[in-house]
Amino acid sequence: MPEAILKVTDLTKVFDEFSAVDHISFEIKAGEILGLLGVNGAGKTTAINMLLGLITPTSGRIDIFGKDLARHRIEVLNRSNFCSTYTSLPGNLYVWQNLRVFGTLYGVKNLNQRIDEVLDLLDMQHLKNSVSGHLSAGEATRLNLCKALLNQPELLLLDEPTASLDPDIADKVRSIIRQYRDDHKATILYTSHNMRDVEEVCDRVVFLHQGKIIYTGTPDEMVNHFEKENLEDVFIQIARSGDVVSAR
Amino acid sequence: MVELAFWPFVQLLVWGYLTKYLQNNAGGNFPHTITFLIGAVILWDILFRAQQGVAIFFLEDVWTRNLLNIFAAPVRISDYLLSTFVIGFLRAAFTVTLLCILAATLYSFNVTTFNWYIVPFFGHLMIFGWALGMISTALILRWGPAAESLAWAVPFLIQPFAAVFYPVSELPQWLQWIAWTLPCSHIFEGMREVLAHGTLSGHNLLWATLLNAFYLLAAGALFTKVTKIARQRGLLTRFVSQ
């Protein structure tokens, strides 16, 4: 049985009196891609931000690589990386400069070679000397992914990585993510509103609703459990259902 | 470049020609001593650029939606602050060098008039600028984008009491007490002393050192505390999504 790379225990985040994340527990095994699903406001981004140390949990515990994140934040972040559709890299720097800055922050060895590798991987080599602010939305997203793969992270947190990509590039990105997992035995946490993404990429999903986990299983198991045709129908049912538990 | 060269240049022009006007129309020793206005413009810019280096560095990451990338990277708060200090130093060094050359060319104001005292002047104003930058950034982090203007406002909030363009003695007594709590007031008083007499009494430097140590430690503690609060209340992420 592979070890748990990421283990979340009874994690809670309360803002004033609102529970954004409500006593959730889950784990991700080495080499697994876990989809974190939920409608807007379900608590996905808050959960990811807690995993990155950007938000301090109200209670609960996060262990990554067997270490308590609260006490070993820098060590854990050195071996992790993330990509979010809500962030971008400074637009006044060239593509290679941005990658050089973050490669240095993450202590990447043979940085010039690694920059070329990730640019090749994401089909961005021809944009190496472009100003980052002049990239299209899709190119900027791929640049974010280049940054996320720079340090060859053992744990990769991807927050809607294909949100602004056209179907062709999105398909390539999904392939790259799976290939990266296979080549590096990496563990990936993946959030997306695109259910096709999730069905294609994720080994297992955790469905959040109003801050609580309402289902955990493989995408196929989830479709069967809710007696729907596909994951998108499940998502719509949960989103429109007032009482999710009764929908189960 | 506009920020680092154009605005400081325009300010130097205004104060430089005002100095010339006063020199040509005043009697006694005043025309000689009034040159401190040009020195004040140059030294004030050290403080301002150092503060801006810290505060604008943070805001640039906010504006480019890069803040989370930085705070989710394996970067300690101390590393982050140190890098902003370096940016502040480079900004100040560039602008001050430019202003010194222009002041010498346009108004025959030679910065070597300060003698070696320019080194502690530069150092103290730089350190106080860093402290003000940390305070500005902490307030922006705590109160969000609505408080962005503090990045520019904070130095000018203290300028009236900092004795930049006039001696502390010109202030009402109760404002003098405020002025003496600012390290930069001691430096600007020291600057006028050097320009007038060519010497600097030790007490101004001593007070500046003690006050700077206090402000730097207090500002660092405030920034660390606010960062902790920001993580607890999710301010870092809300900041980005606003």
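Since the structure is predicted, the reported quantities are computational estimates derived from the model, not experimental observations.

**Remarks on the sheet that holds strand S8 (residues 187–191) of chain A**
Residues and elements named next belong to chain A.
Next, step 1: Strand order in the open sheet formed by six strands is S6-S7-S8-S3-S9-S10, with mixed pairing between adjacent strands. Looking at the sheet topology across the chains shown, the edges are occupied by strand S6 (80–84) and strand S10 (212–217). Within the sheet, the average angular offset between the axes of one strand and its neighbour, ignoring direction, is 15°.
Next, step 2: Summarising the sheet, strand S9 (residues 204–209) and S10 pair through five bridges and their orientation is antiparallel. Across the sheet, valine 206 pairs through a bridge with threonine 216, a residue of S10.
Next, step 3: The strands touched by helix H1 (residues 44–51) within the sheet are strand S3 (33–37), strand S7 (155–159), S8 and S9, with S7 carrying the most contacts at an inclination of about 150°.
Next, step 4: In the packing of helix H5 (residues 137–149) onto the sheet, contacts are made with S6 and S7, and the angle to S6 comes to roughly 170°.

**Here's the deal with the nonpolar core**
Next, step 1: Core analysis: the largest hydrophobic core is formed by 157 residues, its most contacted members being Leu99 and Met222 of chain A together with Cys184 and Met191 of chain B.
Next, step 2: For this core, the leading source of residues is helix H3 (residues 36–63) of chain B, giving 18 residues.
Next, step 3: Discounting chain neighbours no more than four positions away, the residues touching methionine 222 of chain A are Val205, Phe207, Tyr215, Leu231, Val234 and Ile238 of chain A.
Next, step 4: If you look at the next biggest cluster of nonpolar residues, it comprises five residues, including Ala163, Val168, Leu171 and Leu175 of chain B.

**Description of empty space enclosed by the protein**
Next, step 1: Per the stated rule, a full pass over the model turns up two cavities of 30 Å³ or more.
Next, step 2: Lining the largest cavity we find Arg73 of chain A together with Ile70, Phe71, Ala73, Val75, Arg76, Ile77, Tyr80 and Arg231 of chain B.
Next, step 3: Mapped by element, the contributors of at least two residues to the lining of the largest cavity are helix H4 (67–71) and helix H5 (77–107) of chain B.
Next, step 4: Partitioning the lining of the largest cavity into residue classes produces six nonpolar, no polar and three charged.
Next, step 5: Here the second largest cavity defines a volume of roughly 30 Å³.
Next, step 6: Together, Leu145, Leu149, Leu156, Leu158, Ile176, Ile177 and Tyr180 of chain A line the second largest cavity.

**Examining a nonpolar patch on the surface**
Residues and elements named next belong to chain B.
Next, step 1: Taken together, the side chains of Val2, Phe6 and Trp7 define a hydrophobic patch exposed on the protein surface, amounting to about 340 Å² of accessible area.
Next, step 2: Considering the arrangement of structural elements, one finds valine 2 in helix H1 (residues 2–25).
Next, step 3: According to the relative accessible area criterion, valine 2 is exposed, its value standing at 52%.

**Overview of the side chain of aspartate 197 of chain A**
Next, step 1: Relative to the helices and strands, aspartate 197 of chain A is located in helix H7 (residues 195–201).
Next, step 2: Each residue touching aspartate 197 of chain A, except ones within four places of it in the same chain, is listed here: Thr162, Arg174, Tyr190, Ser192 and Cys202 of chain A.

**Here's the deal with the interface of chain A and chain B**
Next, step 1: The interface is formed by 25 residues belonging to chain A together with 20 residues belonging to chain B.
Next, step 2: Contact between chain A and chain B buries roughly 2,000 Å² in total, counting both sides, with carbon and sulfur atoms accounting for 57%.
Next, step 3: A per-residue breakdown of the area chain A buries against chain B is headed by Leu54, Ile74 and Leu105 of chain A, which together make up 27% of the total.
Next, step 4: At the junction of chain A and chain B, the tally comes to zero salt bridges.
Next, step 5: Counting across the interface, chain A meets chain B through nine residue pairs in polar contact (both at pLDDT 80 or more).
Next, step 6: Secondary structure elements with two or more residues in the side of chain A that touches chain B: strand S1 (4–15), helix H2 (73–78), helix H3 (95–105) and H5 of chain A.
Next, step 7: For the side of chain A that touches chain B, the element with the highest residue contribution is H2 of chain A, accounting for four residues.
Next, step 8: Of the residues that constitute the side of chain A that touches chain B, the class distribution is 13 nonpolar, nine polar and three charged.

Reading the values: the criteria
- Residues numbered from 1 in each chain as written.
- Chains lettered and ligands numbered in written order.
- Predicted model: local features only at pLDDT ≥ 70, side-chain atom pairs only at ≥ 80, totals over all residues.
- Heavy atoms only, no water.
- Pairing = 2+ DSSP bridges.
- Helix = DSSP H or I, 4+ residues; strand = E, 2+ residues; numbered from the N terminus.
- Axes fitted to C-alpha atoms, helices over the stretch in contact; angles between N-to-C directions.
- Contact = heavy atoms within 4.5 Å.
- Core = buried A, V, L, I, M, F, W, Y, C linked by side-chain atoms within 4.5 Å.
- Buried < 20%, exposed > 50% of the residue type's maximum accessible area, 1.4 Å probe, protein only.
- 1 Å grid on protein atoms, 1.4 Å probe; cavity = no way out; pocket = protein on both sides within 12 Å on 5 of 7 lines; lining within 4 Å.
- Points joined across faces, edges and corners; volume = space filled by probe spheres on them.
- Nonpolar A, V, L, I, M, F, W, Y, C, P; charged D, E, K, R; others polar.
- Patch = residues over 30% accessible without salt bridge, like charges linked within 9 Å, V, L, I, M, F, W, Y side chains within 5 Å.
- Areas by Shrake-Rupley, 256 points an atom, 1.4 Å probe, with all protein chains shown as cover.
- Salt bridge = Lys/Arg side-chain N within 4 Å of Asp/Glu carboxyl O.
- Buried area = accessible area lost by both parts, 1.4 Å probe.
- Polar contact = N/O pair within 3.5 Å; in protein donor to acceptor, adjacent residues only side chain to side chain.

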